[in-house]
Amino acid sequence: MPISSEDATRFARTFAALVDGIAVALLGKESTIRLALTTMLSDGHLLLEDAPGTGKTALARAMAAVIDGTQSRIQFTPDLLPSDITGVSIYDQKTGDWVFQAGPVFAQVVLADEVNRASPKTQSALLEVMEESQVTVGGVTHPAPRPFIVIATQNPIEQAGTYPLPEAQLDRFLMKTSIGYPARAAMIDVLEGAAAPNRSRLVRPVVTAEQLTALSALAARNHTDRSVLDYVAALAEATREDDSARLGVSMRGAIAMVRCARVWAAAQGRNFVLPDDVKALAGPVWVHRVVVDPDAAFSGATAEGVVARALTSVPAPAADA
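Heads up: these notes are all about the structure in this document. (Residues numbered from 1 in each chain as written. Predicted model: local features only at pLDDT ≥ 70, side-chain atom pairs only at ≥ 80, totals over all residues. Heavy atoms only, no water.)

As for the sheet that holds strand β5 (residues 109–113)
Then, number 1: Spatially, the five strands line up as an open sheet ordered β2-β5-β8-β1-β9, and their pairing is parallel. Across the chains shown, the open sheet's two edge strands, defined by having one partner strand only, are β2 (71–75) and β9 (175–177). Neighbour to neighbour, the strand axes of the sheet diverge by 20° on average, direction disregarded.
Then, number 2: Relative to β5, β2 runs parallel, the two being bridged by five bridges. (Pairing = 2+ DSSP bridges. Helix = DSSP H or I, 4+ residues; strand = E, 2+ residues; numbered from the N terminus. Axes fitted to C-alpha atoms, helices over the stretch in contact; angles between N-to-C directions.)

Okay, structure coming up:
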């Protein structure tokens, strides 16, 4: 059953409170915080591509603190093993049983720092848990906690000795964005409190993890008219048909857009999705899924350009459709 306008208003108030809570640790970055929260409430995962020292760890810690949840950090290195992420079963000689020792991935907010520094084999250890919220070790399946989000980071400046994420893994990230450096006023505020640089310690819980899961389920029922669904499908097809694209938006990407748009609309107090919600999210949700043809890239074509052309060429449905 679709949500009511009262439900949407209540959702928007809670969403705003969560944004304000995280903003205590990440000054002047409300747009990034809103995208990160939308990702979490859409049961997805976030890829942050940014220079060092922009607040990626602070964002992850603040997101865990604001829902009173658990948080872990995995530093990806070339010698990291899959079992270092998922955990391992250890034989207990006293009981004669195999005991599972859970890895750091069993937290509600998992920061996968510099994910592209690990080998593809280790990167693939995240695929099952990101897609199905579970880990299988020794033939036994262990569910991940709820809510569950992986916030992966990669440094776009230093690429030596890294392993680029394959398209299949990029497609499992609901959004890709960056934090960037703060504005001058926010930077001054940060410097003023430099004696206590870990501002995430100041974040107080706004909701419990169980309440956030309930909010996520509520937003998933937000009304999306068939005309808007047709708009999303047409945009995805347009990216696939673009002459510069070797690979356009997948079906998973189209589904991701609808999930995010429902949360985005509810966060603005609406119990229905508008084409403008799709337009606002097209960059973070779709650009990282588009693979540009190498010859076209040599001529200056970009994934951003492919998505922008789709938005320009596909007419949005009328407001009263």
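Focus: the side chain of Asp277
Then, number 1: Residue position: Asp277 is located in helix α12 (residues 275–286).
Then, number 2: Residue classification places Asp277 among the buried positions, given a relative accessible area of 2%.
Then, number 3: Reaching out from Asp277, the side chain makes a polar contact with the side chain of Arg270 at a distance of 2.7 Å.
Then, number 4: Look past the residues within four positions of Asp277 in its chain and what remains in contact with it is Ala261, Trp264, Ala265, Gln268, Arg270 and Phe272. (Buried < 20%, exposed > 50% of the residue type's maximum accessible area, 1.4 Å probe, protein only. Polar contact = N/O pair within 3.5 Å; in protein donor to acceptor, adjacent residues only side chain to side chain. Contact = heavy atoms within 4.5 Å.)

Quick notes on the layout of surface pockets
Then, number 1: Quantified by volume, the second largest pocket comes out at close to 210 Å³.
Then, number 2: Here the residues of the lining of the second largest pocket are counted per class, giving four nonpolar, five polar and two charged. (1 Å grid on protein atoms, 1.4 Å probe; cavity = no way out; pocket = protein on both sides within 12 Å on 5 of 7 lines; lining within 4 Å. Points joined across faces, edges and corners; volume = space filled by probe spheres on them. Nonpolar A, V, L, I, M, F, W, Y, C, P; charged D, E, K, R; others polar.)

Considering the pattern of salt bridges
Then, number 1: As enumerated under the stated definition, the model contains 11 salt bridges in all.
Then, number 2: The residue Arg117 makes a salt bridge to Glu114 at a minimum N-O spacing of 3.2 Å.
Then, number 3: We classify Arg117 as buried; its relative accessible area is 16%.
Then, number 4: Taking the relative accessible area as the measure of exposure, Glu114 reaches 21% and is therefore partly exposed.
Then, number 5: Of the charged contacts in the structure, one is a salt bridge between Arg252 and Glu131, with a shortest N-O distance of 3.7 Å. Linking Arg252 in helix α11 (residues 251–267) with Glu131 in helix α6 (residues 125–132), this pair joins segments that are 121 residues apart in sequence.
Then, number 6: Take Glu131: its relative accessible area is 41%, and that puts it in the partly exposed class.
Then, number 7: Each of Glu131, Asp171, Arg172, Arg252 and Arg289 takes part in a single network of salt bridges with overlapping partners. (Salt bridge = Lys/Arg side-chain N within 4 Å of Asp/Glu carboxyl O.)

A closer look at the nonpolar core
Then, number 1: Counting residues in each nonpolar core, the largest one holds 71 residues, and the members touching the most others are Phe11, Leu59, Ile151, Leu281 and Trp286.
Then, number 2: Here this core takes 11 residues from α11, the largest share from any one element.
Then, number 3: Residues in contact with Leu281, not counting those within four places in the same chain, are Leu35, Met175, Met257, Cys260, Ala261, Trp264 and Trp286.
Then, number 4: Within the second largest apolar cluster, 24 residues are counted, among which are Ala107, Ala112, Ala125 and Leu170. (Core = buried A, V, L, I, M, F, W, Y, C linked by side-chain atoms within 4.5 Å.)

Examining the packing of aromatic side chains
What describes a pair of aromatic rings is the distance from one ring centre to the other and the angle between the planes of the rings.
Then, number 1: Enumeration according to the criterion identifies three aromatic pairs in this entry.
Then, number 2: Judged by centre distance (5.7 Å) and plane angle (80°), the rings of Phe100 and Phe106 are edge-to-face.
Then, number 3: The exposure class assigned to Phe100 is partly exposed, which follows from its relative accessible area of 21%.
Then, number 4: A cation over an aromatic ring shows up here: Arg34 above the ring of Trp264, its NZ or CZ 5.8 Å from the ring centre.
Then, number 5: Across the ring face of Phe272, the terminal group of Arg270 is positioned such that the distance to the ring centre comes to 5.8 Å. (Phe/Tyr/Trp six-rings, centres within 6.5 Å; stacked < 30°, edge-to-face > 60°. Lys NZ or Arg CZ within 6 Å of the ring centre and 35° of its normal.)

A short note on unusual backbone geometry
Then, number 1: Residue Pro147 is reached from Arg146 by a cis peptide bond, and omega for that bond is -10°.
Then, number 2: Secondary-structure assignment places Pro147 in the loop between β7 (140–143) and β8 (149–154).
Then, number 3: Phi is positive for Asp43, close to 60°, though the residue is something other than glycine.
Then, number 4: The backbone of Glu114 shows a phi angle near 50°, a positive value even though the residue is not glycine.
Then, number 5: Locating Glu114 in the fold gives a position in the loop between β5 and α5 (120–123).

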